[in-house]
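Structure at a glance
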Amino acid sequence: TRSAEDERNVSVTLGLDGALRLDRQPVRPDGLRAALRARLAQPDGARLLVVVRADAGVPYEKVDRVLEEARRAGAQRLALATRQKAERRR
């Protein structure tokens, strides 16, 4: 289920306005690495999947910076969340 999946994942969300959230908590860009490092240091943290979600209008360079911060925080498992477009039914 989605809730079980969320327990095994850490979600980093990047808004169009540049706002960052770690799971559902706001985090400053200069505090992202430390916040992620703290989450990954918890028991079973090495097995956590860091999922980066970004608004479709966010430039990829900003998404890449978030991915790099996650790597520097020690994340070994990274994913980019994507949304599939719904097909039109005829």
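Each chain carries its own residue numbering, running from 1 in the written order of its sequence. For this predicted model, a pLDDT threshold of at least 70 governs which residues receive local features, and a threshold of 80 or more governs which side-chain atom pairs are given and counted, while totals over whole chains, interfaces and linings are taken from all residues. Water and hydrogen atoms were dropped before computing side-chain values, which therefore reflect all heavy atoms in the structure.

**Side note on the sheet that holds strand 1 (residues 9-14)**
Let me state the cut-off plainly: The pairing criterion is simple: DSSP has to find at least two bridges between the two strands. Secondary structure elements follow DSSP: runs of H or I of four or more residues count as helices, runs of E of two or more count as strands, with numbering from the N terminus. For helices, the axis comes from a line fit to the C-alpha atoms of the stretch in contact; other axes are also lines fit to C-alpha atoms, and the angle between any two N-to-C directions lies between 0 and 180 degrees. Whether two residues are in contact is decided by their heavy atoms: any pair within 4.5 Å suffices.
Spatially, 3-2-1-4-5 is the arrangement adopted by the five strands of the open sheet, whose pairing is mixed. Here the strands that pair on one side only, and so sit at the sheet edges, are strand 3 (25-27) and strand 5 (78-80). Averaged over neighbouring strand pairs, the angle between their axes works out to 25 degrees when direction is ignored. Here strand 1 runs beside strand 4 (residues 49-54); their pairing, made up of six bridges, is parallel. Looking at the pairing, Ser11 lines up with Val51 of strand 4. Contacts from helix 2 (residues 32-40) reach strand 1, strand 2 (20-22), strand 3 and strand 4 within the one sheet, and its direction differs from that of strand 1 by about 165 degrees.

**A word on helix 2**
The following threshold applies: Think of it in three bands: with a 1.4 Å probe and only protein chains considered, a residue is buried below 20% of the maximum accessible area for its type, exposed above 50%, and partly exposed in between. The arc in question is the one spanned by the directions pointing from the helix axis to the C-beta atoms.
Taken together, the buried positions of helix 2 are occupied by Leu32, Leu36 and Leu40. Down the axis, helix 2 shows its buried residues gathered within 60 degrees of arc, on one side only. Of the surrounding elements, those touching the buried residues of helix 2 are strand 1, strand 2, strand 3, strand 4 and helix 3 (60-73).

**Focus: the pairing of strand 4**
For strand 4 and strand 5, the ladder comprises three bridges, and the chain directions are parallel. The residue of strand 5 that forms the bridge with Val50 is Leu78.

**Quick look at helix 3**
Where we set the bar: What a helix should span is 1.5 Å times the count of its residues minus one.
Look at helix 3: 20 Å from first C-alpha to last across 14 residues, which is about the 20 Å you get at 1.5 Å a residue. Along helix 3, the residues that are buried comprise Val63, Val66, Leu67, Glu69, Ala70 and Ala73. Relative to the axis of helix 3, the buried residues are bounded by an arc of 155 degrees and lie together on one face. Set apart from the buried face of helix 3 by more than 90 degrees, the exposed residues are Glu61 and Arg65. As for helix 3, its buried residues are in contact with strand 1, strand 2, helix 2, strand 4 and strand 5. Note on helix 3: the residue one or two positions beyond its end, Gly74, has a positive phi of about 110 degrees.

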